[in-house]
Amino acid sequence: MEFNLKGKVAVVTGGGRGIGEAICFAFANEGTHIVVSDIDYASAQAVAERIRSIGPKAIPVEADVARQDHAAKLISTAIGELGGIDCLVNNAGISPKNAEGGPAMTWEIGVDEWDRVMGINLKGSLFCSQEAVKYMISKKAGAIVNIASIAGKAPFEPMATGAHYDASKAAIINLTQRLASEVAEYGIRVNAVAPGRIASPMAKFASQRLNQAMLERTPMGRFGTPEEIAKVVVFLASDGASYVTGETVNVNGGWIMD
Ligand SMILES: NC(=O)c1ccc[n+]([C@@H]2O[C@H](COP(=O)([O-])OP(=O)(O)OC[C@H]3O[C@@H](n4cnc5c(N)ncnc54)[C@H](O)[C@@H]3O)[C@@H](O)[C@H]2O)c1
């Protein structure tokens, strides 16, 4: 299949580790130049350096996606230093756990914690998309892929996530559809991926009990890998998915089929 991503530019938020890091390398393997963005600059720098060593251009950018000014600077850096932005992947996210590796109960979540999770997971995707889409509209081309979650569809045990996380991911699925419907006429596609439990640093903080229960509910009997998410993200960002928009693709070993 012709992905047609060679020489294009992708911006990946939360690209310093885990699923975001795998997404950066999956793009790099297609010859795509990458802006590796993370709140943790050292990790973004390390990923960018490794990408450059295999060929494509890669620049690290420190950005807290919850801040609108950082999102604006991130996208303008991509345009200024790499000549444009063809693909945006809104991957940065957090999933706070309690001391036992489980979720806070809904009634325990303080307003500051609610706002922190919404700020990064939902507003972060909104801010970066707003900035990227303005440029993409001027070019009449582009693709955005949002990282949602199975938790946006099944907000209950054995998910190790809380109501703030689940609501942020459900909202991302909705935002994906809304934005997709608004920008389709400009040749821009917006899709999402809803991962199940993926063996990334984030999943390691979940309790043994919840991880075991997730495994038992997963028909494929194992967790996914960051690379298995990355492949679907790159497909959705590519010309291989040229007639796919507003879609949220489950990548969850069969946990939810809808
Ligand atoms: N791991 C899973 O089981 C799983 C399942 C479903 C969805 N997801 C989603 O996949 C995405 C990536 O998750 P992961 O498992 O790789 O997590 P991770 O914690 O391993 O990595 C997240 C990355 O995002 C960065 N980040 C955190 N806050 C940020 C901010 N404010 N601004 C910019 N970057 C920030 C971190 O520094 C880190 O590099 C998240 O959106 C997460 O919700 C993960």
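Reading the values: the criteria
Residues numbered from 1 in each chain as written. Predicted model: local features only at pLDDT ≥ 70, side-chain atom pairs only at ≥ 80, totals over all residues. Heavy atoms only, no water. Helix = DSSP H or I, 4+ residues; strand = E, 2+ residues; numbered from the N terminus. Expected span 1.5 Å × (residues − 1). Buried < 20%, exposed > 50% of the residue type's maximum accessible area, 1.4 Å probe, protein only. Arc of directions from axis to C-beta. Contact = heavy atoms within 4.5 Å. Salt bridge = Lys/Arg side-chain N within 4 Å of Asp/Glu carboxyl O.

Draft legend 1. Representation of helix 2 (residues 41-54). Compared with the 20 Å implied by 1.5 Å per residue over 14 residues, the 20 Å span of helix 2 between its first and last C-alpha is a close match. Along helix 2, the residues classified as buried are Ser-43, Ala-44, Val-47, Ala-48 and Ile-51. Buried residues in helix 2, looked at end-on, bunch into an arc of 130 degrees, giving them a common side. Opposite its buried face, helix 2 presents the exposed residues Ala-42, Glu-49 and Ser-53, each directed more than 90 degrees away. Buried positions along helix 2 lie against helix 1 (18-29), strand 2 (33-38) and strand 3 (58-62). Directly after helix 2, the chain includes Gly-55, whose backbone phi takes a positive value near 135 degrees.

Draft legend 2. Local environment of the side chain of Ser-37. Relative to the helices and strands, Ser-37 is located in strand 2. Relative accessible area serves as the criterion here: at 1%, Ser-37 is assigned to the buried category. Not counting residues up to four positions away in its chain, the partners in contact with Ser-37 are Val-12, Thr-13, Gly-14, Gly-15, Gly-16, Val-61, Ala-63 and Leu-74.

Draft legend 3. A look at the pattern of salt bridges. Considering all chains together, one arrives at eight salt bridges under this definition. Here Glu-21 makes a salt bridge to Arg-50, at a shortest N to O gap of 2.9 Å. Residue Glu-21 is found in helix 1, and its partner Arg-50 is found in helix 2; the two are separated by 29 residues along the sequence. Between Lys-153 and Asp-258 there is a salt bridge, and its shortest N-O distance comes to 3.1 Å. One end of the pair, Lys-153, is in the loop between strand 5 (142-147) and helix 5 (163-183); the other, Asp-258, is in the segment after strand 7 (248-251), and 105 residues separate them in sequence. You can call Lys-153 partly exposed: its relative accessible area is 27%. Looking at Asp-258, the relative accessible area reads 68%, which means it is exposed.

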